[in-house]
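A look at the structure
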Number of protein chains: 2
Amino acid sequence: MSTIVAPVNSNPIDDAQVIKKACLGLGTDDKAIISLLGHRNSNQLRLIRQAYQEVYQEDLIKQLKSEISGDFEKALTLWVLDPVERDAVLAHDSLKKVVPDYQVLLEVVCTKTPDDLLQVKRAYHKIYKRALEEDVASHSTGKIRKFLVGVVSTYKYHGDEINEVAAVTDANILHDEILDGASVHEEIIRIISTRSKKQLLATFNHFKDIHGTSLSKALRVPAENEFFATARVAIRAIKNPLKYFAKILRRAVKGLGTEDEVLRRVIVTRAEIDLKEIKELYLERNNISLEQAVTEDTSGDYRAFLLTLLGAEGY
Amino acid sequence: MSTIVAPVNSNPIDDAQVIKKACLGLGTDDKAIISLLGHRNSNQLRLIRQAYQEVYQEDLIKQLKSEISGDFEKALTLWVLDPVERDAVLAHDSLKKVVPDYQVLLEVVCTKTPDDLLQVKRAYHKIYKRALEEDVASHSTGKIRKFLVGVVSTYKYHGDEINEVAAVTDANILHDEILDGASVHEEIIRIISTRSKKQLLATFNHFKDIHGTSLSKALRVPAENEFFATARVAIRAIKNPLKYFAKILRRAVKGLGTEDEVLRRVIVTRAEIDLKEIKELYLERNNISLEQAVTEDTSGDYRAFLLTLLGAEGY
């Protein structure tokens, strides 16, 4: 469920005017911007962007970028993007890094239904004039490339039908391949990238029943294996997205320093989907609320904005 | 363009009645069936199937199967299927053969736009409760599996944008990889399976300009290479579908015996799309019309039905 507190009736032209006013004159009224844009859902934000363009002949995101900066700007401009476009941009930017961040790509892809992923791919075509698969293949190599391209490209079956025999067979194939140090892992690639989510969940269950440990844990045993580490991200995101997001949020704020990129990405991308459940799980597992963790690790407008998206009291 | 001669106004209930009447009594009135179903387009056929189900509580295809047999039955029942469903069935059946026929799969996939291919995948989910990618991966191995899964799964970019620099680079990469006997052909797989059709056409042109021979011919040089042979099918189907279909039709009727599976598949699947152009090219290249070739190589109702689909005079 969403953590966004948005008015039922809002007027995009009035909203655009509030933003414009907050941007005019010396200094920017960040509070006004946060309390407006942080309290609008993606449909409302889309209309505000349109109204802003029509009334002021300016792109709202460009305007915001010229007014604010740093983590606050990054979080806010990510938030104002249309969700499908935002996923395309996240996938693209993660691939274009000097060291590509496959975790972001896998997160975008593995937490989507096949039809939602398709929308992201269409947005990717529209923005970048290339296929997502093309860029994935161009920014990876070897086994990891095969895995990523497979996971990204397949239009998976999304129905309820499960083949239990195949689930048991696949569980055993996965087990054998993990133990086989010489393997090129064709079967892990085939199974994770082509089987449906429900079929994979059945396979993961059989794996645990037969081999006494989860697939995810089994993949952690051979240390320093980049391929297994990549496969684990996909498996965790497919198996239990809530747990996956709660875990990476925890890691983002734990210890010295904060992984702000992870923190804002998860809060922004999940706010309208399942951030409420992620918050509950976070509290249950860490004995500290996500709001409190964010309060401790961030400051200023950035903090205020994240807390607004989190639906924190007083924001 | 279509070769089907169909009436503008036809009544599916009347049509269903004609078919029912042709099936009643001793013997079947094959001529009536051919002259009706061979003169209806896919929308009309869909409505006739529905009408048949509603009026007679019978599946038209099952009814036809119980009345006729052999090549005629195979061609007619393939024809009556909805085009998208038909492609899903063709892809499925080609994979389920004792020796899978990847040519049919590649033909279905490589002659489609990304969105048409998507419709076929959706039909595949609906009929088989699995992803097409899943069955492709389960019925192939090694390099050929990687190639097939790649080509089948990618949701390609379908716009006009071309990257000329990448086209030249790709052409050179392809050339080097063909010469490298030790290669696992990762780059051929990447390029053919992820690049858009227009981008690939640019690459094929640069290949010919730089290396003095077409990519397709270059792949024919290392004899007995099953991987290259598979890649060639895809490349020919992408590059020039008309030429590809005209060629396989020619091979199907040439010499002793006829490859009826190819003959009826191409005529049935292309009748409403580009069979007119395929016929023109066929005549131009072989100095014999496709109608004449079909007349010489087939007989009886099967012949009459194929000639009807071909829009031959007097049918």
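Everything quoted here is computed from the prediction, not taken from an experiment.

1. Some details on the overall build of chain A
- Scanning chain A from terminus to terminus reveals 20 helices and 0 strands.
- In terms of overall size, chain A behaves like a compact globule, its C-alpha atoms giving a radius of gyration of 21 Å where 315 residues would be expected to give roughly 20 Å.
- Dimensions of chain A along its principal axes, counting C-alpha atoms only, are 65 × 45 × 40 Å.
- Contacts in chain A between residues at least 24 apart in sequence constitute 69% of all its contacts with a sequence separation of at least 6.
- Accessible surface for chain A amounts to roughly 14000 Å². Of this, 51% is attributable to carbon and sulfur atoms.
- Separation between the mean location of the 44 positive side-chain charges and that of the 46 negative ones in chain A comes to 2 Å.

2. Side note on the pattern of salt bridges
- In the structure shown here, the tally under the stated rule is 48 salt bridges over all chains.
- In this structure, the salt-bridge partner of B:Arg195 is A:Glu134, at a minimum N-O distance of 3.0 Å. Highlighted residues: B:Arg195 in the loop between helix H12 (186–194) and helix H13 (197–211) and A:Glu134 in helix H9 (residues 132–138), drawn from two different chains.
- For B:Arg195, a relative accessible area of 8% puts it in the buried group.
- Two residues, A:Lys198 and A:Asp160, come together in a salt bridge whose shortest N-O distance is 2.5 Å. Linking A:Lys198 in helix H13 (residues 197–211) with A:Asp160 in the loop between helix H10 (142–153) and helix H11 (164–179), this pair joins segments that are 38 residues apart in sequence.
- You can call A:Asp160 exposed: its relative accessible area is 58%.
- By sharing partners, the salt bridges in this structure join A:Glu134, A:Arg145, A:Lys146, B:Asp170, B:Glu186, B:Glu187, B:Arg190 and B:Arg195 into a single network.

3. A look at the UniProt feature "binding site: Ca(2+) 1" (unreviewed entry) in chain A
Residues and elements named next belong to chain A.
- Under the feature "binding site: Ca(2+) 1" (unreviewed entry), the UniProt entry names Gly25, Gly27 and Glu67. Annotated residues spanning 43 residues; largest pairwise C-alpha distance 10.8 Å, indicating a single compact cluster.
- With respect to the helices, strands and loops of the structure, Gly25 is situated in the loop between helix H1 (12–23) and helix H2 (30–37).
- Glu67 sits in the partly exposed class, given a relative accessible area of 27%.
- Here the side chain of Glu67 touches Thr28 through a polar contact of 2.7 Å, side chain to side chain.

4. Topic: the packing of aromatic side chains
Residues and elements named next belong to chain A.
- Inspection of the entire model under this criterion finds 12 aromatic pairs over all chains.
- Considering the side-chain rings of Tyr244 and Phe245, the 5.2 Å spacing of their centres and the 70° angle between planes classify their relative orientation as edge-to-face. Take Tyr244 and Phe245: they sit in the same class, and that class is buried.
- Stacked on the ring of Tyr56, the Lys or Arg Lys20 has its end atom at 5.3 Å from the ring centre.

5. Looking at the interface of chain B and chain A
- With 28 residues of chain B at the contact, the number on the chain A side is 28 residues.
- In total, about 2600 Å² of surface goes out of reach between chain B and chain A, with carbon and sulfur atoms giving 55% of it.
- Sorting the residues of chain B by area buried against chain A places B:Glu134, B:Tyr155 and B:Tyr157 first, and these three jointly supply 23% of that buried surface.
- The interface formed by chain B and chain A includes 10 salt bridges.
- Where chain B packs against chain A, one counts 18 residue pairs in polar contact (both at pLDDT 80 or more).
- Put simply, the parts of the chain that give the side of chain B that touches chain A at least two residues each are helix H8 (114–128), helix H9 (132–138), helix H10 (142–153) and H12 of chain B.

6. Remarks on helix H1 (residues 12–23) of chain B
All names here are of chain B.
- With 12 residues, H1 ought to run about 16 Å at 1.5 Å a step, and its terminal C-alpha atoms sit 17 Å apart, in line with that.
- Among the residues making up H1, those that are buried are Asp15, Ala16, Ile19, Lys20, Ala22 and Cys23. Looking straight down H1, one finds that the buried residues subtend no more than 160° of arc, so they occupy a single side.
- Of the surrounding secondary structure, the elements contacted by the buried residues of H1 are helix H2 (30–37), helix H3 (42–56) and helix H4 (60–67).
- One side-chain oxygen of the residue at the start of H1 lies 2.8 Å from the amide nitrogen of Ile13, identifying that residue as Asn11.
- Of the residues trailing H1, Gly25 is marked for its positive phi of about 75°.

7. Some points on unusual backbone geometry
Residues and elements named next belong to chain A.
- Phi at Asn287 is positive, roughly 55°, even though this residue is not glycine.
- As for its position among the elements, Asn287 is in the loop between helix H18 (275–286) and helix H19 (290–297).
- Judged by relative accessible area, Asn287 falls into the exposed class, the value being 71%.

8. Here's the deal with empty space enclosed by the protein
- One pass over the structure, following the stated rule, counts 2 cavities of 30 Å³ or more.
- Each pocket or cavity is described by its volume, and for the largest cavity that value is around 310 Å³.
- Forming the walls of the largest cavity are 22 residues, and the residues nearest its centre are A:Lys146, A:Gly150, B:Lys146, B:Val149 and B:Gly150.
- Along the lines of polarity and charge, the residues of the lining of the largest cavity split into 6 nonpolar, 8 polar and 8 charged.

9. Looking at the side chain of A:Glu187
- Residue placement: A:Glu187 occurs in helix H12 (residues 186–194).
- Looking at A:Glu187, its side chain comes within polar contact range of the side chain of A:Arg190, at 2.8 Å.
- The contacts of A:Glu187, once residues within four sequence positions are left out, are A:Ile173, A:Glu177 and B:Arg145.

10. A few points about the UniProt feature "binding site: Ca(2+) 2" (unreviewed entry) in chain A
Residues and elements named next belong to chain A.
- With numbering matched to this structure, UniProt assigns "binding site: Ca(2+) 2" (unreviewed entry) to Gly257 and Asp297. With the annotated positions falling across 41 residues, the maximum pairwise C-alpha distance of 7.8 Å places them together in a single cluster.
- By the element assignment, Gly257 lies in the loop between helix H16 (241–253) and helix H17 (260–270).
- In this view, Gly257 contacts Ala252 and Asp297; residues no more than four positions away in its chain are not counted.

11. Looking at the layout of surface pockets
- Within this model, the largest pocket holds a volume of roughly 700 Å³.
- Around the largest pocket, the lining is made up of 36 residues, and of these A:Val108, A:Thr111, A:Lys112, A:Thr113 and A:Asp116 lie nearest the centre.

12. Things to note about a positive patch on the surface
- On the surface, A:Lys208, A:Lys217, A:Arg220, A:Lys239, A:Lys243, A:Lys247 and A:Arg285 cluster together to form a positively charged patch.
- In this fold, A:Lys239 is placed in helix H15 (residues 226–239).

Reading the values: the criteria
- Residues numbered from 1 in each chain as written.
- Chains lettered and ligands numbered in written order.
- Predicted model: local features only at pLDDT ≥ 70, side-chain atom pairs only at ≥ 80, totals over all residues.
- Heavy atoms only, no water.
- Helix = DSSP H or I, 4+ residues; strand = E, 2+ residues; numbered from the N terminus.
- Rg over C-alpha atoms; globule rule 2.2 N^0.38 Å.
- Contact = heavy atoms within 4.5 Å.
- Areas by Shrake-Rupley, 256 points an atom, 1.4 Å probe, with all protein chains shown as cover.
- Lys, Arg positive; Asp, Glu negative; His and termini not counted.
- Charge placed at Lys NZ, Arg CZ, Asp CG, Glu CD.
- Salt bridge = Lys/Arg side-chain N within 4 Å of Asp/Glu carboxyl O.
- Buried < 20%, exposed > 50% of the residue type's maximum accessible area, 1.4 Å probe, protein only.
- UniProt positions renumbered as here; feature names shortened; annotations may be inferred.
- Polar contact = N/O pair within 3.5 Å; in protein donor to acceptor, adjacent residues only side chain to side chain.
- Phe/Tyr/Trp six-rings, centres within 6.5 Å; stacked < 30°, edge-to-face > 60°.
- Lys NZ or Arg CZ within 6 Å of the ring centre and 35° of its normal.
- Buried area = accessible area lost by both parts, 1.4 Å probe.
- Expected span 1.5 Å × (residues − 1).
- Arc of directions from axis to C-beta.
- 1 Å grid on protein atoms, 1.4 Å probe; cavity = no way out; pocket = protein on both sides within 12 Å on 5 of 7 lines; lining within 4 Å.
- Points joined across faces, edges and corners; volume = space filled by probe spheres on them.
- Nonpolar A, V, L, I, M, F, W, Y, C, P; charged D, E, K, R; others polar.
- Patch = residues over 30% accessible without salt bridge, like charges linked within 9 Å, V, L, I, M, F, W, Y side chains within 5 Å.

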